[in-house]
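Close look at the chain arrangement
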Number of protein chains: 4
Amino acid sequence: MHVGPVTIDYDVLVAGLRGDTGFTSQEFVEAMSFSLKYLRKLMGADETYQPFIIPGGGTSAMESVASLLRRGDKVLVVSNGVFGDRWKAIFNRYSVAVDVLKCDPGDYVKPDDVEKAVKDEKYTLVAMTHVETSTGVREPVEAVAKRIRDKVELIAVDGVSSVGAEAVKAKDNQIDVYLTASQKAIGVPPGAGLLVLSERAVSRLSDESVAGYYLNLKNWVDVMRNLEDGKASYFATLPVQLIFMLAKAFELMDKEGLENRIKRHERVAQGVRAGLESMGLEIVAKRPETYSNTVTGVMVKKANPSEVLKAVLSEGLELAPGVHPALAGKYFRIGHMGWVTPNDVMTTIAVLERVLKRMGEPVNLGEGVRAVQLTYS
Amino acid sequence: MHVGPVTIDYDVLVAGLRGDTGFTSQEFVEAMSFSLKYLRKLMGADETYQPFIIPGGGTSAMESVASLLRRGDKVLVVSNGVFGDRWKAIFNRYSVAVDVLKCDPGDYVKPDDVEKAVKDEKYTLVAMTHVETSTGVREPVEAVAKRIRDKVELIAVDGVSSVGAEAVKAKDNQIDVYLTASQKAIGVPPGAGLLVLSERAVSRLSDESVAGYYLNLKNWVDVMRNLEDGKASYFATLPVQLIFMLAKAFELMDKEGLENRIKRHERVAQGVRAGLESMGLEIVAKRPETYSNTVTGVMVKKANPSEVLKAVLSEGLELAPGVHPALAGKYFRIGHMGWVTPNDVMTTIAVLERVLKRMGEPVNLGEGVRAVQLTYS
Amino acid sequence: MHVGPVTIDYDVLVAGLRGDTGFTSQEFVEAMSFSLKYLRKLMGADETYQPFIIPGGGTSAMESVASLLRRGDKVLVVSNGVFGDRWKAIFNRYSVAVDVLKCDPGDYVKPDDVEKAVKDEKYTLVAMTHVETSTGVREPVEAVAKRIRDKVELIAVDGVSSVGAEAVKAKDNQIDVYLTASQKAIGVPPGAGLLVLSERAVSRLSDESVAGYYLNLKNWVDVMRNLEDGKASYFATLPVQLIFMLAKAFELMDKEGLENRIKRHERVAQGVRAGLESMGLEIVAKRPETYSNTVTGVMVKKANPSEVLKAVLSEGLELAPGVHPALAGKYFRIGHMGWVTPNDVMTTIAVLERVLKRMGEPVNLGEGVRAVQLTYS
Amino acid sequence: MHVGPVTIDYDVLVAGLRGDTGFTSQEFVEAMSFSLKYLRKLMGADETYQPFIIPGGGTSAMESVASLLRRGDKVLVVSNGVFGDRWKAIFNRYSVAVDVLKCDPGDYVKPDDVEKAVKDEKYTLVAMTHVETSTGVREPVEAVAKRIRDKVELIAVDGVSSVGAEAVKAKDNQIDVYLTASQKAIGVPPGAGLLVLSERAVSRLSDESVAGYYLNLKNWVDVMRNLEDGKASYFATLPVQLIFMLAKAFELMDKEGLENRIKRHERVAQGVRAGLESMGLEIVAKRPETYSNTVTGVMVKKANPSEVLKAVLSEGLELAPGVHPALAGKYFRIGHMGWVTPNDVMTTIAVLERVLKRMGEPVNLGEGVRAVQLTYS
């Protein structure tokens, strides 16, 4: 129950056991072609969108957005926490101007505020975070996009902790860049960043962009088109074995059905919150409408979060530390994405109940697990 | 017998079959710590060098060298082919000046010429390629380093097709950056760039560099130090499963012994060339002193190289196409790095003999395999 | 939570990924040598006992006991159920006389009764079942052995559902044959029978036995001795890859510690029973002193056991059907052996609670999981 | 190039990486159903034959033939070597009479001689070996069957070193039992015996047979029928993971095509013999018409066979020792079955040439490999 890399299914891992298959092999080309096509579906994109699978992860995918910017462009970052701030840190390395809208920890930036910000200033790009991994808060990206669509050139959404577990509709919401990483709700080892670009975004790829070389999507776009068309192509070496795992994960995802998958994540998240609340614990995300399907931050009063993490680990449960600086030492995080089920929820709540009780946190033993039972009955 | 990704040993692949081990797990931290320490050894570096293992591959490692440059710096690129030219293409994306020294295809840039170039101009960085993967030519990086060491601030060597198979001596030759990729002579799937920086190089890491964010070594240096010291640390997610494979490959490498490994590659390369020459084929590398242990380009007169590749593949042998634009359609490449043995050489030469004969190339059937036998008797 | 084959740890499965290691290879010989030595320890045997690892499983190990019998010998079978009756079915195929002591389903044969039986009749062999897999009843084999040791020549115990999870003391109790199978509490795929023979038993191996060829331990004894001594040896091909998995499982077992392992199974079994009883369910084993660490039979009143199995499987929980003919259609079984933990217990009880409730069985939702929580707090 | 267990393809090994799939799971039942059906095809049998997959290997499959025999039956064993003699050793453990026809090592028993033997005596069963693994001699089982079909009740053929690599036609030749093991030309780890029984053979299964319990086909026949029909069924636990590998191997075999597979083995065997003969070495099998597709025994004059084996192993080639007692110390064996190709032949001959030369055997360096080249040109 980590926020990522998440637990990987062995069927996925085993798909990477290919020793002599290079990047020009037919098998690899087919795996890429399938994965690129499926990525479009996963992002709620259509044929007008160009999918990319590049080396790295969420951060490399975020930085590749610099391929769309030119010297002097203005960027507005909508930040709900650590990974919102990461957008800012990235753009600050380039010759572009960056403004940031922030909120209190556990809260989110309101669509109204974003709308106001783009009225006064002409932004080339507004960059948001769908689910802020540091707090588990979900930004209403649909609502924001609706308000600002006409006023800005490009909208980019970091879907690292949402794609594969939350409703993602790039096309319907006219979002130009939707990105994620292999090791999150997709359930593949870390090693690739995945994104789709709208036609408008693709048309901005040029030698004039501020981007460097490796993460410059202009260098990758033909490779992606060729691979999707079944032709071997090279710019820099792709993570071959990881792509086989990705294709397998997408195959399993397709078998489950994207809607079923999102519903499963929703159901799992409900169980987690029901368990926590019945134990008497406070959730970091302040407003129910921003609860995410993938990450739940949990405040503790008496127990030391890092001690909690060690203790649950010794009982076979891996959770993640809190990383929002404003809440340092006051919370930990439960990741619930990938191949998680109600059984994982039960285990998580059961272990937490016992461990927190032992550590003096005021929890009623048995109340959490009972709430989980009621949720799933 | 591909130039890379090379054939991966199953013991290495299997080491990555870990489903629930995140980047803060003790196992991962240990694998990184061991790998970073071993990387120093592999590069002929000592404790004064800082090792890095970053996501991506050879190209991301090359671009990370921008972390050492500031606006207006001058760079000299010593290029023997496609991957020498890649240094130029990378630096051209940044606000630095780039000069290039080139040579005829199959030849190499002479140390004299490099020495002359750095006399007239003050370069911050000279960037070279140890073994040029496009031609199989080995640059005498030791000799070049000796001649220019006093005249330039930084020397960087792309060892993508050499590290693990050729003598690499960062410290002895006072080379500031030595880099490679996981999928070459190390024998691991693609997914990581590996490099060491001298103290002088590390001291150049700063907010003033021209580098971006993800490939900016300033962002990674503390993470690498912490991991080497056994402490979990995060900047961006590392390819966890790949690191387990890397640690396994390093373990196997250590068991073989680095010197033995280099000798094995040398012996394998000798067999390949003996076989080719006895068949009457011409090698792309023009001068014996530049033959590499890892890649051999082979000129053909009658046969069509891409047809040769298809034909040998159907007999279980994977070779690589020629990619040097000046020799397009005239050659193919044999990669001989990783866990290659004299048995692989025999298979390679045997299949080539039969296929080339069938395609009308003037080869004497049996002469190639006889020469391999004599080499290894 | 199956009664066997149990869920296999991937570390164990992966140990079998060896493609080119034959039965004369040093690696195989080492794996066998280690496994044979460890098997002695696992059985509570000392150097006077001869360990065997033979192809097949529990039944082949049971039948190999015919190697100790000669035409006309008399055998007493102590049967608590299906697998006790299997002893009889086996011996009936040979020219030996077989008597059977039986009990009601869920009950066990009392040591007193065995003692009485061996007073009146001279038996060469008394064969028992330590834990009867069909009911989960544990026979007090120590007590029985103590009462009859002086009156019979050989005592054999089927430890298929006990070895690795219950206290097993071949030497202390002077038991001549203790056997098990790879796929039970040892946690390895099915494919091998494992047993130890006392000196007395070994001395009975002869050409005069009633045994056939493949399962005749006389044919295997030198092979086992050679392999334990590190020498390749052949009678019939052993399951090479399975032995690598077995050695891995034994390595993990040794790391956990045998005593810890047995305590863990005990603790897991307690949780299972606490959960079931708090739900209001009846356990098949009638007497607490015969509760086993490995298998629990569960009686149902309203629910149809085979429907229960289907329903829990759809929630990710695999249980086993009841197989005792006298209780047909009235119960199902929970296996709790191998790498099971309190988390598995919680999941099991939670799913059962919900499923049984749904099926009209009178269970109080939340009571089972609360009892598990209290057990492990 | 071992005679078995042969080198296993990783695709096959990986198919066994299933941790929680028991013998009642739908996946297992499907794998068994498919494998049983394919086994019929592999044996050249039709629907009138009953396929069996039982634990163990070649020897357990051989011993299961006792299920067809009754007290006092007469058996004729046609023995060309060690595994012919094994038939005798097995039947000697039962209350049946056994006669044996033998031949010189390297030779075979002539159909004429078998015909004569069955004229004078009424045999219930004639048992033969298709390819004698100890010498590489192939018995003309078709010719023998034709001559004796009318005179004996049952004909059994041990096809351990032939099935999957030689033409096998149970039905056409009216052979009643054709058997093999998983670890030979099928290319799966050791752990299962595979056989088909004719209707006549099946009708002999009864409680009156001399057979024991575990290898008594009467106990397995309903299980096999149920599993083939897609119904879970139990007599004793089958090697679940191995069956997944077997199904995968059969799938790959089907993809290659049985005829292609046999031709490939023939072609490989031709290359092996061409190489050996051009080196000047003598083959154990005396008559070309008995050369097998799977095993070649090689006589040596000066070199010590066990030293040869060690030396070739250190060059990455695994061969097998000679085991025929009459030729002890005078020969070694090359196995060429499974996923072997001309490349394996070249490697084998090349290494042998060099090693034998070094050991003083009179071989002409380069002649063996040249002959292989000519064979495959």
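So, here is what we can say about the structure in this document. Just so it is clear, the structure is predicted and the values come from calculations on it, not from any experiment. (Residues numbered from 1 in each chain as written. Chains lettered and ligands numbered in written order. Predicted model: local features only at pLDDT ≥ 70, side-chain atom pairs only at ≥ 80, totals over all residues. Heavy atoms only, no water.)

To continue, consider the overall build of chain A. For chain A, the count of helices and strands is 13 helices and 13 strands. At 21 Å, chain A has a C-alpha radius of gyration in line with the 21 Å of a compact globule built from 377 residues. Once the C-alpha set of chain A is aligned to its principal axes, its extents read approximately 60 × 55 × 30 Å. Counting the 377 residues in chain A, one finds 68% classified as buried. Sequence separation of at least 24 residues holds for 72% of the intrachain contacts in chain A that already meet a minimum separation of 6. Charge centroids of chain A, computed over 46 positive and 48 negative side chains, lie 3 Å from each other. (Helix = DSSP H or I, 4+ residues; strand = E, 2+ residues; numbered from the N terminus. Rg over C-alpha atoms; globule rule 2.2 N^0.38 Å. Buried < 20%, exposed > 50% of the residue type's maximum accessible area, 1.4 Å probe, protein only. Contact = heavy atoms within 4.5 Å. Lys, Arg positive; Asp, Glu negative; His and termini not counted. Charge placed at Lys NZ, Arg CZ, Asp CG, Glu CD.)

On to the pattern of salt bridges. In total, this model carries 109 salt bridges over all chains according to the counting rule given. Between R261(C) and E256(C) there is a salt bridge; the shortest N-O distance is 3.2 Å. Take E256(C): its relative accessible area is 19%, and that puts it in the buried class. One continuous salt-bridge network, built from bridges that share partners, spans K37(A), R40(A), E47(A) and E228(A). (Salt bridge = Lys/Arg side-chain N within 4 Å of Asp/Glu carboxyl O.)

Turning to the relation of the copies chain D and chain B, a few remarks are in order. The operation relating chain D to chain B is a screw motion whose rotation component is 180 degrees, with 0.0 Å of axial translation and a residual RMSD of 0.0 Å. With respect to symmetry, the two chain copies, as superposed, fit the operation of a two-fold axis. A share of 100% of interface residues in chain D that are also interface residues in chain B marks the association as one of identical surfaces. (Least-squares fit on C-alpha atoms with pLDDT ≥ 70 in both.)

A few words now on the sheet that holds strand β13 (residues 331-335) of chain D. Residues and elements named next belong to chain D. The strand order β10-β11-β13-β12 describes an open sheet built from 4 strands, whose pairing is antiparallel. Among the strands making up the open sheet, the edge pair consists of β10 (282-283) and β12 (320-321). Bridge analysis of β12 against β13 gives 2 bridges, and the strand direction is antiparallel. Paired with A320 across the two strands is R333, which belongs to β13. Contacts from helix α11 (residues 305-313) reach β12 and β13, with the element oriented near 40 degrees to β13. (Pairing = 2+ DSSP bridges. Axes fitted to C-alpha atoms, helices over the stretch in contact; angles between N-to-C directions.)

Each α-helix winds once per 3.6 residues, and so residues spaced three or four apart point in a common direction. Residues and elements named next belong to chain B. Taken together, the buried positions of helix α11 (residues 305-314) are occupied by P305, V308, L309, A311 and V312. Summarising the contacts, the buried residues of α11 are in contact with β12 (320-321), β13 (331-335) and α12 (342-358). Measuring from the side-chain oxygen of the N-cap residue of α11 to the backbone nitrogen of S306 gives 2.8 Å; that N-cap residue is N304. Of the residues flanking the end of α11, it is G316, one or two places downstream, whose phi is positive at about 85 degrees. (Polar contact = N/O pair within 3.5 Å; in protein donor to acceptor, adjacent residues only side chain to side chain.)

Residue and element names in this part refer to chain D. For strand β2 (residues 74-78) and strand β3 (residues 97-101), the ladder comprises 5 bridges, and the chain directions are parallel. By the bridge assignment for β3, L76 is matched with D99. The handedness of the β2 to β3 crossover, carried by helix α4 (residues 82-91), is right-handed. (Right-handed = clockwise from strand over helix to strand, strands pointing away.)

Residue P5(A) is bonded to the preceding G4(A) through a cis peptide linkage, with omega at -5 degrees. Looking at the element boundaries, P5(A) is found in the segment before α1 (10-14).

The partner chain A presents 51 residues to the 52 residues of chain B that form the contact. Carbon and sulfur atoms make up 57% of the surface buried where chain B meets chain A, a total of about 3800 Å² over both sides. At the junction of chain B with chain A, the criterion picks out 0 salt bridges. Taken together, the connections running from chain B to chain A amount to 22 residue pairs in polar contact (both at pLDDT 80 or more). Elements with a contribution of two residues or more to the side of chain B that touches chain A: α1 (10-14), β1 (50-56), α3 (58-63), α4 (82-91) and α9 (240-256) of chain B. (Buried area = accessible area lost by both parts, 1.4 Å probe.)

On to the interface of chain D and chain B, then. Chain D puts 21 residues into the contact, and the matching count from chain B is 21 residues. A combined buried area of about 1800 Å² lies between chain D and chain B, and 52% of that area is made up of carbon and sulfur atoms. On the surface where chain D and chain B come into contact, there are 2 salt bridges. For R370(B), the salt bridge identified is with E367(D), shortest N-O distance 3.2 Å.

If you look at the biggest cluster of nonpolar residues, it comprises 398 residues, and the most contacted ones within it are F91(A), F91(B), F91(C) and F91(D). Excluding anything up to four places from it in sequence, F91(D) contacts V65(D), L69(D), V75(D), V77(D), V96(D), V98(D), L125(D) and A127(D). (Core = buried A, V, L, I, M, F, W, Y, C linked by side-chain atoms within 4.5 Å.)

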